[in-house]
2 protein chains.
Amino acid sequence: MARARAVVVLTGSELSRGDKTDANGAFLARELTSLGLEPSRIMIVGDDPAELEAAVREGLEAELCVLSGGLGPTHDDRTVETLARAAGRELRIDADLVRQIEEVSRAVAERLGRPYADFTPGVHKQASLPDGAVALGLAGTAPAVLLECDGRLAVALPGPPNELRRLWQRVLESDGLQRLLARVEQPRHRVLRFFGPSESAVARVLEETGGEGEGLEVTVCAHDLEIRVDLLERPGGKERTAHVAEALRAHFAADLFAEDERPVAEIVLDRCRTLGLRLATAESCTGGLVGARLTDAAGASDVYVGGVIAYSNEVKERRLGVPADVLARHGAVSAEAAQAMAEGARDALDADAAIAVTGIAGPEGGTPEKPVGLVFISVLVPGREETERFVFSGDREAVRARATAQSLHALRRLL
Amino acid sequence: MARARAVVVLTGSELSRGDKTDANGAFLARELTSLGLEPSRIMIVGDDPAELEAAVREGLEAELCVLSGGLGPTHDDRTVETLARAAGRELRIDADLVRQIEEVSRAVAERLGRPYADFTPGVHKQASLPDGAVALGLAGTAPAVLLECDGRLAVALPGPPNELRRLWQRVLESDGLQRLLARVEQPRHRVLRFFGPSESAVARVLEETGGEGEGLEVTVCAHDLEIRVDLLERPGGKERTAHVAEALRAHFAADLFAEDERPVAEIVLDRCRTLGLRLATAESCTGGLVGARLTDAAGASDVYVGGVIAYSNEVKERRLGVPADVLARHGAVSAEAAQAMAEGARDALDADAAIAVTGIAGPEGGTPEKPVGLVFISVLVPGREETERFVFSGDREAVRARATAQSLHALRRLL
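Just so it is clear, the model here is predicted, and its values are computed rather than measured.

> Where do I start with the relation of the copies chain A and chain B in this structure?
What connects the two chain copies is a rotation about an axis and a shift along it. When chain A is fitted to chain B, the best match, at an RMSD of 0.1 Å, comes from turning it 180 degrees and sliding it 0.1 Å along the axis. Here the copies are linked by what is in effect a two-fold axis. A shared interface surface links the copies, since 100% of the contact residues of chain A are contact residues in chain B too.

Below is the structure:
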C-alpha cells in the first residue's frame, strides 16, 4: 500500500491578502495526518480565476484534494465551476439541491423582506454541481461537494470554520473517502511533550538514538514553551519507534509531561479535580489570558472559581489585599507582589490553589532594573508556594503568551 | 507599470501536518499587499525535499518570493540549499557570516557546557549562501538571506514569528526590495468597517453602486462580528472608489464604526480615555477573554483598571455583589445577573464604565429555555446602562469569541 498525498486549497482574497488569518488549514492538515494521508501542501489563493484554477489543477494531482471557500452565491465564488473545469466535467443543475437551497433562501428572503426572485440566480448557481459529484449537505445555502475522478477524490467545503468542521464530518462518513482510505496505510501516531529542555537538546538525543529512518518519521517542534515530538510509525518501524520513544522518555524523564493532546490548562484542571482543589487566578500583565485558557475547555467550572484581573495597583491592593508597602517598596512587578497576589486570589475567591502573574509586557514601561519581558509568577497549593522570576523575549504578544504558558506549567509542576 | 506577483512559501512539517498554526502567512500577505504587490499564493509545505523544491521553483516564477522556515542547523532545514538549487546557484561559505555565527554558537556552547567542536558542522551549514546572495542579519544562528536573480527577488526568513518580523524590516530597507518596488504601482488602500449589517446586505449595496471594476478591487469579509470592506484603488480608479465608498458610508451610516485598522478594544479604550472614564470588566463564560482583548494593546492601564472573572456563582455573589435572590430567581445566565455584574464590577473596582458577560458557552449546560449560545451582555457608563440578550451559534470557542466581540461593540456604541 502506498502513502497517499493530500493537498489543501484555501481560497479567498481576504486570506491571500492577509486581512484574515486562515483557521482551516491546520485543522484539515491534522485531520488528514490522523487518517494516514500526507498533507503535502496547503495553498492559499485569492479570488483571481487563473490563480485559483492553477491551484485546483495541482490539487487534483493528489489522491485527495480538499478545497475550502468560494462556495457562496456571488460572482467571486468560483470554486465549484473551477473544480468542474479542472476535472473536465460539465456543470449540471441538481434538482434535489435546488429544492433544498430554495427552502433556505425563501426563509432568508422573508426575514429580509426581499422578493424571492432576487435569490433565483444564486440558487441556480449554488445548485450546479460537476457531473458525477454529490452534495454532502448545506452550510446556509452552500453545498459541500464531493467528486470522485480517476480514483482520486476532491471535496469542496465552505470557508467559515464552524461550517467546514461540521461538513468535514460528512466527508469522513462518505463512501468516497472510505474507498480512498481502504487503499492507504494507517500510520501509528505518538506524541511526547516536554517542558524544560531546549529544542536542540531534544534533537541531539534524537540523533544519538538513530532518530528518523525506515518506518519512522519524527518532527520536533517548540510551541507555547513546550517541546513536542511527533513520532509517525509506519509499517516496519515498530522497533525503531519504540527505541526512540524510550530513549527520549529516559533522557528527559523529569520534563515529560504528556503523551496526549490535552492542553496544559486541561492537565492542570484534571489534576486539581483529582485532588479536590478549587483554583483561582490573579493576573496583571496577562490581563485575563490565564483565565481564558483555563476556561477554553468545557467543564472547568467545578475546579476554576474565577479570578481577579488586577491591572491597576489599586485593584491589586483593594481586591487582592496586596499590602501598600509591598507595592511601594518592591513595586507591582516583584516576587513579593506576585506572592501576595496569589495568596490574595486564594483568600478573596475562597480557593485552595492559585496562579498569579505580574510583569512588564512592553513595549513601554521597562527600566534597566526591570526590563520589558520581566515577569514574576507565583503559584500555590495547600502547604506549598513557589514564586519565580523570568525575563521573556519577544514583543508584547509573545511576552504575554509565554507568561501565560509558563504560569500554567508552574502550577502543573507544583501539583 | 505592471502589478507584481508575490508568492509566500512557509516550510515545516509541523505546519503542513497542522501541529502548529501558521502565524507568518497573514503577516507577510498584509505587508506585501501594502507594498502594492499581489500576494497571489501562500504555500505551506513540509520538510520533504521534493515538495519543498517544487514550491520554491514556483515561488521563483513570481517577482518576489518570500520563504519562511527551514533555516536551522539540522538536516531537515533545507531552505537555503533548495533556493540555491532552484535558482541555479552554487552554495558558498561566507567567511564574514562564519565569524558572526561562530560568535553566537560559542556563547551557546558555553551556556550548555558542550564543546564548541559539536557546533562546527552547523556553523558551516548556516554560513553557506547561494552565490550572489546577501545575509540580512541573524536570528540566533540563522541568517536571513536575500537573492536577486534575473530581475526577481527571493528572500529567506526564519520561521519564529518574532524573528521573521524583525528581519522583515531589514528586507524592507534592502536595496533589492527598493529596486523591485520602484517598478511596481502603489495602490491606495481604504478600509470601511461596519457592525450591524449582514455580509450579503453590504454585498448588495456594493453591487448596486457598480462595485468592482476597472481601477478598483473590493473584498468584503465578515470577521469577529464585523463586516470589513477593503477597497484597493489602482490607477484610473479614483472616481469609482470614491463613489463606492460614499455609497457604503451613506447606506450604512449608523453601522460604520471605523476606517482604520484599530481593533475594537482599542477604539473602546481611546473613547474612554477621551471621556476620562475608568473601565472594569466582569466575565463569566468568556473567562478573561474580554480583559485579554482590552490589554492586548500597550497603554491600556490608564483606562482599564481590571476585572473579575466570576466563573462560580459564589464569586459573582461575594466579589461582584450579585444578590443571591437574583441568582436564585433568574439564574446566573440572565439579564438581571448581567446587570448586577456590571454594576458590581464598577463599584468593586472603583470604575466609571463596565462590561459584563454571562452565558452558556457549551457544549454542556444548555436547557430548552436557556440553550447553548445564550449570552447576556450588560454595559454601563455614567448615567446609562444597557443589557442585551443574544443566542450565538457555533461551538464553545465561537460562542466565547462572539460574546467577547459583541460586548466590546456594545460598550463602543454606548460611548
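> Help me out: how do you make sense of the sheet that holds strand β1 (residues 5-11) of chain A in this one?
Strand pairs in the sheet, formed through backbone hydrogen bonds, run parallel or antiparallel to each other. Strands sit in the order β6(A)-β7(A)-β8(A)-β3(A)-β1(A)-β2(A)-β2(B)-β1(B)-β3(B)-β8(B)-β7(B)-β6(B) across an open sheet of twelve strands; the sheet is mixed. Where the open sheet ends on each side, the last strands, each with one partner, are β6 (134-139) of chain A together with β6 (134-139) of chain B. Within the sheet, the average angular offset between the axes of one strand and its neighbour, ignoring direction, is 15 degrees. Sheet topology places strand β2 (residues 38-45) of chain A next to strand β2 (residues 38-45) of chain B; five bridges connect them, and they run antiparallel. Looking at the pairing, isoleucine 42 of chain A lines up with isoleucine 44 of chain B of β2 of chain B.

> So what exactly am I meant to see when it comes to the interface of chain A and chain B here?
Of the residues lining the interface, 67 residues belong to chain A; the matching set on chain B comes to 67 residues. Residues belonging to the side of chain A that touches chain B are distributed by class as follows: 27 nonpolar, 24 polar and 16 charged. Sheet topology note: the strand β14 (residues 304-310) of chain A/strand β14 (residues 304-310) of chain B ladder contains five bridges and is antiparallel. Considered in β14 of chain B, the bridge of glycine 307 of chain A is made with isoleucine 309 of chain B.

> What is the right way to look at helix α10 (residues 238-251) of chain A in this model?
The α-helix winds at 3.6 residues per turn, so residues separated by three or four positions along the chain end up facing the same way. Residues and elements named next belong to chain A. Taking 1.5 Å per residue, 14 residues should reach 20 Å; α10 reaches 20 Å between its end C-alpha atoms and fits that length. When we look at burial in α10, the residues that qualify are Arg240, Thr241, Val244, Ala245 and Leu248. Down the axis of α10, the buried set is contained in an arc of 125 degrees. They therefore lie on one face. Along α10, the residues that are exposed and aim more than 90 degrees away from the buried face are Glu239, Glu246 and Ala250. Structurally, α10 contributes buried residues whose contacts are with β9 (188-194), α9 (199-208), β10 (216-223) and β11 (226-233).

Rules used in this analysis
Residues numbered from 1 in each chain as written. Chains lettered and ligands numbered in written order. Predicted model: local features only at pLDDT ≥ 70, side-chain atom pairs only at ≥ 80, totals over all residues. Least-squares fit on C-alpha atoms with pLDDT ≥ 70 in both. Contact = placed C-beta atoms within 7 Å. Pairing = 2+ DSSP bridges. Helix = DSSP H or I, 4+ residues; strand = E, 2+ residues; numbered from the N terminus. Axes fitted to C-alpha atoms, helices over the stretch in contact; angles between N-to-C directions. Nonpolar A, V, L, I, M, F, W, Y, C, P; charged D, E, K, R; others polar. Expected span 1.5 Å × (residues − 1). Buried ≥ 20, exposed ≤ 12 C-beta atoms within 10 Å, placed from the backbone. Arc of directions from axis to C-beta.

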